[in-house]
Amino acid sequence: APSTGFAQRVEIQHEGRSYIDLATGGARFGMKAYWLKGRQTFRLRSEWTTIDLGKGKRMLYLNRLPIYLGFPAIESGGRLYMARADYQHVLQSILTPQAFDGKPELRRIVIDAGHGGRDGGATNDAYKLYEKDLNLDVALRLRSMLESAGYEVVMTRDSDVFIPLARRPQIANRANGDLFISIHFNAAGSSTAEGFETFAMTPQYQASSKFSKPGRGDSARYSANKQDPWNTLLGYHVQRALVGRVGGPDRGLKRARWVVLRGLDCPGVLVELGFLSNPATAQKLRTAVFRQRLAQGLYDGIVLYGRRLQRIP
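Residues numbered from 1 in each chain as written. Predicted model: local features only at pLDDT ≥ 70, side-chain atom pairs only at ≥ 80, totals over all residues. Heavy atoms only, no water.

Turning our attention to the packing of aromatic side chains. Applying the stated criterion to the full structure yields three aromatic pairs. Ring centres of Phe-29 and Tyr-87 lie 5.6 Å apart, and the angle between their planes is 35°; on these two criteria the pair is classed as tilted. Pair noted here: Phe-29 is in the loop between helix H2 (22-27) and strand E3 (32-35) and Tyr-87 is in helix H3 (residues 84-95), with a separation of 58 residues, a long-range link. Residues Phe-29 and Tyr-87 agree in their burial class; the two are buried. Judged by centre distance (5.1 Å) and plane angle (75°), the rings of Trp-35 and Phe-42 are edge-to-face. Take Trp-35 and Phe-42: they sit in the same class, and that class is buried. We note Lys-55 situated over the ring of Trp-35; from NZ or CZ to the ring centre the distance is 5.7 Å. Sitting above the plane of the Phe-162 ring, Arg-118 keeps its charged end 3.7 Å from the centroid. (Phe/Tyr/Trp six-rings, centres within 6.5 Å; stacked < 30°, edge-to-face > 60°. Helix = DSSP H or I, 4+ residues; strand = E, 2+ residues; numbered from the N terminus. Buried < 20%, exposed > 50% of the residue type's maximum accessible area, 1.4 Å probe, protein only. Lys NZ or Arg CZ within 6 Å of the ring centre and 35° of its normal.)

Spelled out as structure tokens, the structure:
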């Protein structure tokens, strides 16, 4: 029988949202689809790409990189479905960004060294580490690499000064930045927490990664949401390059509505480059060699993102 169109066969509704059959969605990327042993995890596979998504899970692994979804995957009739919003905001954004209009330029890069002045950020007193200083150190290293490669660079701060959060995206917008990257370090109550994570702006109607389901404020749309596909693409390349250059643990690509991201008119991400509260990380961060490697990882990610943009017709 002739196909009656995409919607009737491969989409289901759940809690008022459209879900797309992952096998059909994967076929559009030329990927084979099958359950792994035990039927808890569904895999999409092509020559270069492997995607794993667990039943009821909100975390997808793309070539082993963890990516937080807006909504958990659901099983129905022996098939796995992912929210259409996630199909669009994650899979299409990373695998087929040519599906979206408004491809960005990549000439002028805005580097935001988090905290500064009276706002010190995280600290590790035992190792005499202050987040504001580390942020700036890595930011300046990144600037010099990018400038050597011919990019224009704008800094939200290049010294130890306090800049209100809301002013940082304004600086980027006024400078007509093509990309914004905000540099931070983490701290946690437990000294065992470690690894790197990259945050992209949460799409409209979705919960940020640390919340289990959308709340009242999540239907708000911010100017940064115009860049949703490019935020995801940038975040994926930055996180992947960082882990590739420095090693793990890979805490993945996450979503948050940080003030420094919300008001941006260009693609942007916020990176957390490790936990000052972790003694092994703190020890490494005292060395210029390690801080240089962090900057190199960020540089690699930006360059790879730029190359991916160039391949879009």
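Now that the structure has been shown, we can carry on.
For a regular strand, the rule is simple: side chains alternate between the two faces of the sheet. Residues Leu-60 and Leu-62 of strand E6 (residues 59-62) are buried on one face, while the alternating residues Met-59 and Tyr-61, pointing to the opposite face, are not. In this sheet, E6 lies alongside strand E5 (residues 50-54) in antiparallel orientation, the contact comprising three bridges. Counted as the bridge partner of Ile-51 is Leu-62 from E6. Both E6 and strand E7 (residues 65-68) contribute to a ladder of four bridges, which runs antiparallel. Across the sheet, Leu-60 pairs through a bridge with Ile-67, a residue of E7. Linkage of E6 to E7, two consecutive antiparallel strands, is achieved through a turn of two residues, within which Asn-63 is found at a positive phi near 50°. (Pairing = 2+ DSSP bridges.)

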